Amino acid sequence: FDYVTYHEYDSWSRAYGSRDDLTTLIDGLGLEEKLIRLTEAGSTSDADYTDRTDYPNSDETQCADIFRRTMIGWGNGDASVLWHTYLPISESETGGEFQGYEIEEFDGSYKQAAYTYQLLTDNLIPFKQITPYNTSGQYIYRIVTDDGSIRLHRAGANPPFPLWDQ
């Protein structure tokens, strides 16, 4: 096989430890040369759906999670990070397993998270390197873009925000 994939739906703060555990497992199996892909990362904006998260869900927390979850993957060297799910499962879905995870509504309008995703990709892709610094739970990332710009990003904030741009 060519790569290892994983899904991450737990709260973003637990995802840091889960990703470390995955690295330990991959290394223990001698698969450290394989590409790693986070093929399903996501959170809901639905305040009533709390099965996977331990914080109040809202449009704002879903936007923050776009940054947080992507930084977890990229900061650990993942070859790709994909959001689940871009589109709603169905127009009438309520109470489903992925209720509120979409970033585009069934009618084609965009949720706030879609604009956040665009902001993330417009400003950070392509990048040369992302280095995580977990300093007392602050989850700071140093990002070097292909044009040589350096940014520091704090993913532990709600919403996450850039600390510094060069």
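Procedures and definitions
- Residues numbered from 1 in each chain as written.
- Predicted model: local features only at pLDDT ≥ 70, side-chain atom pairs only at ≥ 80, totals over all residues.
- Heavy atoms only, no water.
- Phe/Tyr/Trp six-rings, centres within 6.5 Å; stacked < 30°, edge-to-face > 60°.
- Buried < 20%, exposed > 50% of the residue type's maximum accessible area, 1.4 Å probe, protein only.
- Lys NZ or Arg CZ within 6 Å of the ring centre and 35° of its normal.
- Helix = DSSP H or I, 4+ residues; strand = E, 2+ residues; numbered from the N terminus.
- Pairing = 2+ DSSP bridges.
- Axes fitted to C-alpha atoms, helices over the stretch in contact; angles between N-to-C directions.
- Contact = heavy atoms within 4.5 Å.
- Parallel < 35°, antiparallel > 145°, perpendicular 65-115°, else oblique.
- Nonpolar A, V, L, I, M, F, W, Y, C, P; charged D, E, K, R; others polar.
- Left-handed = near helix turned anticlockwise from the far one by under 90°.
- Expected span 1.5 Å × (residues − 1).
- Arc of directions from axis to C-beta.

Side note on the packing of aromatic side chains
In total, this model carries six aromatic pairs according to the counting rule given. Between the aromatic rings of Phe98 and Tyr101, the centroid separation amounts to 5.4 Å while the plane-to-plane angle is 90°, which identifies the pairing as edge-to-face. A centroid spacing of 5.8 Å and a plane angle of 80° characterise the contact between Tyr110 and Tyr115, whose relative ring orientation is edge-to-face. Its relative accessible area of 44% is what places Tyr110 among the partly exposed residues. Three or more aromatic residues joined by ring pairs make a cluster, and in this case those are Tyr9, Tyr49, Phe98 and Tyr101. Note that Lys34 overlies the ring of Phe1, its terminal NZ or CZ placed 4.9 Å from the centroid. Sitting above the plane of the Tyr3 ring, Arg37 keeps its charged end 4.0 Å from the centroid.

Description of the pairing of strand E1 (residues 3–8)
Along E1, the buried face is formed by Val4, Tyr6 and Glu8; none of Tyr3, Thr5 and His7, which line the opposite face, is buried. Relative to strand E2 (residues 35–41), E1 runs parallel, the two being bridged by six bridges. Considered in E2, the bridge of Glu8 is made with Ala41.

Details of the sheet that holds E2
With parallel pairing, the three strands of this open sheet are ordered in space as E1-E2-E3. Unpaired on one side and paired on the other, E1 and strand E3 (80–83) mark the two borders of the sheet. Averaged over all adjacent pairs, the angle separating strand axes in this sheet is 20°, with direction ignored. Sheet analysis places E2 next to E3, joined by three bridges and oriented parallel. Of the residues in E3, the one forming a bridge with Arg37 is Ser80. Where helix H1 (residues 12–28) meets the sheet, its contacts fall on E1 and E2, and the angle it forms with E1 comes to roughly 155°.

Some thoughts on the packing of H1 against helix H2 (residues 59–75)
Orientation of H1 relative to H2, taken along the N-to-C sense of each, is 5°, at an axis distance of 10 Å. Taken together, H1 and H2 sit at an angle that is classed as roughly parallel. Here Trp12, Ala15, Tyr16 and Arg19 of H1 come into contact with H2, specifically with Asp65, Arg68, Arg69 and Ile72. Looking at the contact of H1 with H2 residue by residue, the class counts come to four nonpolar, no polar and four charged.

Digging into the packing of H2 against helix H3 (residues 112–124)
In contact at an axis separation of 8 Å, H2 and H3 are set at 35° when each is read in the N-to-C sense. For the crossing formed where H2 meets H3, the hand is right-handed. Contact with H2, carried on its side by Asp59, Glu60, Gln62, Cys63, Ile66, Phe67, Thr70, Met71 and Trp74, involves Gln112, Ala113, Thr116, Tyr117, Leu119, Leu120 and Leu124 of H3 and no other residues of that element. The class makeup of the residues in the contact of H2 with H3 is 10 nonpolar, four polar and two charged.

Looking at H1
Since the α-helix advances by 3.6 residues per turn, residues separated by three or four positions end up pointing in the same direction. Here H1 contains 17 residues, and its C-alpha end-to-end distance of 25 Å stays within 8% of the 24 Å for a straight helix at 1.5 Å per residue. Of the positions making up H1, those classed as buried are Trp12, Ala15, Tyr16, Arg19, Leu22 and Ile26. An end-on view of H1 places all buried positions within 125° of arc, on one side of the element. Facing away from the buried side of H1 by more than 90 degrees, the exposed set consists of Asp21, Thr24, Leu25 and Gly28. Residues of H1 that are buried make contact with E1, E2, H2 and strand E5 (140–145). Looking at the residues trailing H1, positive phi occurs at Gly30, about 70°.

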